[in-house]
Number of protein chains: 2
Amino acid sequence: MDTMGRHVISELWGCDTEKLNNMEFIEKVFVNAALKAGAEVREVAFHKFAPQGVSGVVIISESHLTIHSFPEHGYASIDVYTCGPIIDPNVAASFIAEELGAKTSEVVEIPRGMGPIKMDKKMEMSETAR
Amino acid sequence: MDTMGRHVISELWGCDTEKLNNMEFIEKVFVNAALKAGAEVREVAFHKFAPQGVSGVVIISESHLTIHSFPEHGYASIDVYTCGPIIDPNVAASFIAEELGAKTSEVVEIPRGMGPIKMDKKMEMSETAR
């Protein structure tokens with residue numbers, strides 16, 4: 001079914017505070033994450049909040065990547081959603097976790113566009129390989 | 001915890017094919033959905049694909065709304081993510097489902113930024129009230 005998508009939800013904790021507040025850095029990481037996964041970048045929109053925090057999205061031909069960062073908590077809320085069977089959203093999600101210096105991450109994959117929503121992987125809180 | 005977020009995943013089927021292919025219409029619906037829920041719009045980025053389909057995002061102060069539409073299948077893949085305890089993402093998601101003429105919808109809510117990821121509501125395939 002060509003509505004088939006893979007949606008990775010990635011909760012990153014213990015990230016580098018300065019990186020989480022650096023919009024230019026995050027934008028670059030997200031574009032690179034998309035390219036690394038083999039996606040085609042279509043639109044890029046990021047926003048820097050006062051006093052801190054960054055929200056942004058990269059729209060790719062195969063869906064999107066988003067971030068909301070909370071530097072004061074070392075927390076970043078990541079979504080990587082890719083359509084089709086070829087691109088693996090986990091490639092982008094892992095790259096982002098590493099670039100933001102996440103100490104712990106929780107990653108869940110949810111199939112989209114295929115009928116009933118269910119979680120594909122058990123949730124787990126794991127130390128990110130550093 | 002002020003990283004607290006509510007992420008609604010909404011799978012819409014049986015939508016109006018023409019609406020799903022009308023980028024200007026979808027953009028308007030999404031901005032209105034954000035405002036209707038009481039959110040503050042920060043960035044808007046939409047993309048029209050050839051031969052069909054629309055992807056887009058509205059970044060709000062409280063996180064984001066996204067869509068990927070597949071007119072050929074009457075399917076739209078919607079995410080509404082809001083941070084904080086005040087705004088209800090379901091208000092925006094319901095408005096979008098109605099505006100796109102969805103015949104069936106499946107909606108799941110996932111808490112974000114609060115530790116282990118779990119689905120807050122049972123998934124259900126229900127007829128949208130028309």
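Residues numbered from 1 in each chain as written. Chains lettered and ligands numbered in written order. Predicted model: local features only at pLDDT ≥ 70, side-chain atom pairs only at ≥ 80, totals over all residues. Heavy atoms only, no water.

Caption draft 1: Broad picture of the pairing of strand β2 (residues 41-48) of chain A. Residue and element names in this part refer to chain A. Where β2 meets strand β3 (residues 54-60), 7 bridges bridge the pair, whose relative direction is antiparallel. Counterpart to A45 in the pairing with β3 is V57. Here β2 folds back onto β3, and the loop between the two strands holds 5 residues, one of which, G53, carries a positive phi near 105°. (Pairing = 2+ DSSP bridges. Helix = DSSP H or I, 4+ residues; strand = E, 2+ residues; numbered from the N terminus.)

Caption draft 2: Just the UniProt feature "active site" (unreviewed entry) in chain A, in detail. In the UniProt entry, the feature "active site" (unreviewed entry) is given for S63, H68 and C83 of chain A. Turning to its location among the elements, S63 of chain A is positioned in strand β4 (residues 63-70). Among all residues touching S63 of chain A, those that are not within four sequence positions of it are V58, Y81, T82 and C83 of chain A together with H68 of chain B. When its relative accessible area of 15% is taken as the criterion, C83 of chain A is described as buried. Setting aside chain neighbours within four positions, we find C83 of chain A in contact with M4, G5, E62 and S63 of chain A together with F70 of chain B. (UniProt positions renumbered as here; feature names shortened; annotations may be inferred. Contact = heavy atoms within 4.5 Å. Buried < 20%, exposed > 50% of the residue type's maximum accessible area, 1.4 Å probe, protein only.)

Caption draft 3: View of the pattern of salt bridges. Residue and element names in this part refer to chain B. Tallied over the full model, the rule gives 10 salt bridges over all chains. For E109, the salt bridge identified is with R6, shortest N-O distance 2.7 Å. You can see E109 sitting in strand β6 (residues 104-112) and its partner R6 sitting in strand β1 (residues 5-13), a full 103 residues away along the chain. (Salt bridge = Lys/Arg side-chain N within 4 Å of Asp/Glu carboxyl O.)

Caption draft 4: Seen up close, the relation of the copies chain A and chain B. The transformation that overlays chain A on chain B combines an axial shift of 0.0 Å with a rotation of 180°, and the residual RMSD is 0.0 Å. The symmetry that links the two subunits is that of a two-fold axis. Taking C-alpha positions as the reference, the residue of chain A nearest the rotation axis is A45 of chain A, at 3.4 Å. Interface overlap between copies: 98% of the residues of chain A at the interface are likewise at the interface in chain B, consistent with a symmetric, same-surface contact. (Least-squares fit on C-alpha atoms with pLDDT ≥ 70 in both.)

Caption draft 5: Spatial organisation of the packing of helix α2 (residues 23-36) of chain B against helix α3 (residues 89-99) of chain B. Residues and elements named next belong to chain B. At their nearest, the axes of α2 and α3 sit 8 Å apart, and the two run at 150° to each other. Between α2 and α3, the angle is such that the two are roughly antiparallel. In this structure, α2 meets α3 at a crossing whose hand is right-handed. Where α2 abuts α3, its residues F25, V29, F30, N32, A33 and K36 lie against V91, A92, F95, I96 and E99. Of the residues contributing to the contact of α2 with α3, the split by class is 8 nonpolar, 1 polar and 2 charged. (Axes fitted to C-alpha atoms, helices over the stretch in contact; angles between N-to-C directions. Parallel < 35°, antiparallel > 145°, perpendicular 65-115°, else oblique. Left-handed = near helix turned anticlockwise from the far one by under 90°. Nonpolar A, V, L, I, M, F, W, Y, C, P; charged D, E, K, R; others polar.)

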